[in-house]
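# A look at the structure
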Amino acid sequence: MHASTRRFTRRVDLASLQLFVAVGEMGSIGKTAERESIAASAVSKRLSNLEDALGTPLLYRHARGVDLTAAGETFLRHARSLLFSLDKMQAELSEYAEGVRGHVRIHANISAILQFLPEDLGGFVAKHEEVKIDLEEHVSSDIVRAVRDGDADIGICSQQATNTGQLQSRPYQRDKLVLVVPRGHALAALPSVRFEDTLDYDHVGLHINSAIYIGLRHAAAEAGRIIKLRIRVTSLDAMCRMIHNGLGIGVLPDRAFEVLHSLGDLHAVPLTDEWSERGLQLVARDFDGLPAAARVLVDHLSECAARRPGAKLAGA
């Protein structure tokens, strides 16, 4: 650590960081002092010490209160992040004191969360009540980044639309994309349909970085066409409601449609395209190097995939 960095970290304490965040959010030293039940002069002194330690002003002081300088805006962002990380660390460590003997962080895409993980994780928790699981939904590209950077122990993402780089991967599940239309739509009477034949109609699409949308955009480009997006949503249930109300047609996984079809008078038409059968994969930096609880969970998820009726593991 550089000498100037050591000097700075020795002069900054958590109480001062918390007071700075409060002042930055409230725009007033006096209101912050009143809320924290300390003297305004004490708050001002701590803020001045922070500015001395950094060697730059953090606040513009005026009669109506304070405003953040450019340096103050940057410092506020980092202070919030640091305090959030400390709160998260405290919460996780307190679980060990309470008897929790494992903690696994999972990032997964919406397809895995909606179709497979409720049952698979429910079965795991029933057998391993001592393990805490934190599950977050992200798009596949962000999942790979989180696992690579150590923000997640395990990732579950699309096999086709994701470059996992140096991460290790294992097959998890497979799903099949279907076209969802209002029941009275012209395409509803078809036994199956090519994706290219849907491009004459308005579509309801997912966010631009989702694996489903990336795959559809690539398929449209291969056909020399574009997707006529009428609206973009961030969830599959929102997509179904938009389709039900006549805003377009959309593509989603078959098992997800089984869960969500009651959101409207909807009908699913199988896609004939080869790419419509997709693989989901587990990713980690090193499966053998995972903590014990995470290794047990990976084994459980693999077993669930193998036991699922009609299962054909991704990559098989």
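This write-up is about the structure you can find in this document. (Residues numbered from 1 in each chain as written. Predicted model: local features only at pLDDT ≥ 70, side-chain atom pairs only at ≥ 80, totals over all residues. Heavy atoms only, no water.)

In this section: the overall build of the chain. A count of helices and strands for the chain gives 12 helices and 11 strands. A compact globule built from 316 residues should have a C-alpha radius of gyration of about 20 Å, whereas the chain, at 25 Å, is more than 25% larger. Along the first, second and third principal axes, the C-alpha atoms of the chain reach 75 × 45 × 35 Å. Per-residue burial over the chain gives 42% buried out of 316 residues. Restricting to contacts in the chain with at least 6 residues of sequence separation, those with at least 24 account for 72%. With the model as given, the accessible surface of the chain reaches about 16,600 Å², and the carbon-plus-sulfur share is 50%. (Helix = DSSP H or I, 4+ residues; strand = E, 2+ residues; numbered from the N terminus. Rg over C-alpha atoms; globule rule 2.2 N^0.38 Å. Buried < 20%, exposed > 50% of the residue type's maximum accessible area, 1.4 Å probe, protein only. Contact = heavy atoms within 4.5 Å. Areas by Shrake-Rupley, 256 points an atom, 1.4 Å probe, with all protein chains shown as cover.)

On to the nonpolar core. Counting residues in hydrophobic clusters, the biggest one holds 32 residues, and the most contacted among them are L179, F195 and L252. Those elements that provide at least two residues to this core are β6 (168-182), β7 (203-206), α9 (211-222), α10 (236-244), β9 (250-253), α11 (254-260) and β10 (266-270). Counting residues in each nonpolar core, the second largest holds 25 residues, with L121, F124, L282 and A294 among its members. (Core = buried A, V, L, I, M, F, W, Y, C linked by side-chain atoms within 4.5 Å.)

Time to look at helix α4 (residues 40-54). Taking 1.5 Å per residue, 15 residues should reach 21 Å; α4 reaches 21 Å between its end C-alpha atoms and fits that length. All of the buried residues in α4 are V43, L47, L50, E51 and A53. Along the long axis of α4, the arc covered by the buried residues comes to 165 degrees, so they all point the same way. Exposed and facing more than 90 degrees away from the buried side of α4 are S41, K45 and D52. Phi turns positive, to about 75 degrees, at G55, one or two residues after α4. (Expected span 1.5 Å × (residues − 1). Arc of directions from axis to C-beta.)

If you walk through the whole model with that rule in mind, you get 16 salt bridges. A salt bridge links E25 to R80, with the shortest nitrogen-to-oxygen separation between them at 3.2 Å. In this pair, E25 is assigned in helix α2 (residues 14-26) and R80 in helix α5 (residues 70-97), connecting sequence segments 55 residues apart. You can call E25 partly exposed: its relative accessible area is 48%. According to the relative accessible area criterion, R80 is partly exposed, its value standing at 40%. (Salt bridge = Lys/Arg side-chain N within 4 Å of Asp/Glu carboxyl O.)

The subject of this paragraph is the packing of aromatic side chains. This structure, assessed with the given rule, holds 3 aromatic pairs. With a centroid separation of 6.1 Å and an interplanar angle of 75 degrees, the aromatic rings of F116 and Y172 are classed as edge-to-face. In this pair, F116 sits in the loop between α6 (110-115) and α7 (117-127) while Y172 sits in strand β6, placing the two residues 56 residues apart along the sequence. Here F116 falls in the buried class, since its relative accessible area comes to 1%. Its end group placed over the ring of F287, R170 keeps NZ or CZ at 4.3 Å from the ring centre. Above the face of the Y213 ring, R232 is positioned so that its terminal group lies 4.8 Å from the ring centre. (Phe/Tyr/Trp six-rings, centres within 6.5 Å; stacked < 30°, edge-to-face > 60°. Lys NZ or Arg CZ within 6 Å of the ring centre and 35° of its normal.)

Time to look at the environment of Y213. Turning to its location among the elements, Y213 is positioned in helix α9. The sequence separation of Y213 and T272 amounts to 59 residues, and the corresponding C-alpha distance is 17 Å. When near neighbours in sequence (up to four residues on either side) are disregarded, Y213 contacts L206, H207, I208, I227, L229 and R232.

What follows covers the packing of α2 against α4. Here α2 crosses α4 at 105 degrees, and the two axes come no closer than 10 Å. When the interaxial angle is binned, α2 and α4 end up roughly perpendicular. Every residue of α4 that contacts α2 at A15, S16, L19, F20 and V23 is listed here: V43, R46, L47 and L50. Broken down by class, the residue content of the contact of α2 with α4 amounts to 7 nonpolar, 1 polar and 1 charged. (Axes fitted to C-alpha atoms, helices over the stretch in contact; angles between N-to-C directions. Parallel < 35°, antiparallel > 145°, perpendicular 65-115°, else oblique. Nonpolar A, V, L, I, M, F, W, Y, C, P; charged D, E, K, R; others polar.)

Now for unusual backbone geometry. A positive phi angle is found at S37, which is not glycine, with a value near 60 degrees. Secondary-structure assignment places S37 in the loop between α3 (29-36) and α4. Given the relative accessible area of 67%, S37 is considered exposed.

With that settled, consider α9. Spanning 12 residues, α9 covers 17 Å between terminal C-alpha atoms, matching the ideal 16 Å at 1.5 Å per step. Listed as buried for α9 are A211, I212, Y213, L216, A219 and A220. One or two positions beyond α9, positive phi appears at G224, with a value near 70 degrees.

Below, the discussion takes up the side chain of T69. Structurally, T69 is set in the loop between β2 (65-68) and α5. According to the relative accessible area criterion, T69 is buried, its value standing at 6%. The contacts of T69, once residues within four sequence positions are left out, are P57, L58, L59 and Y60.

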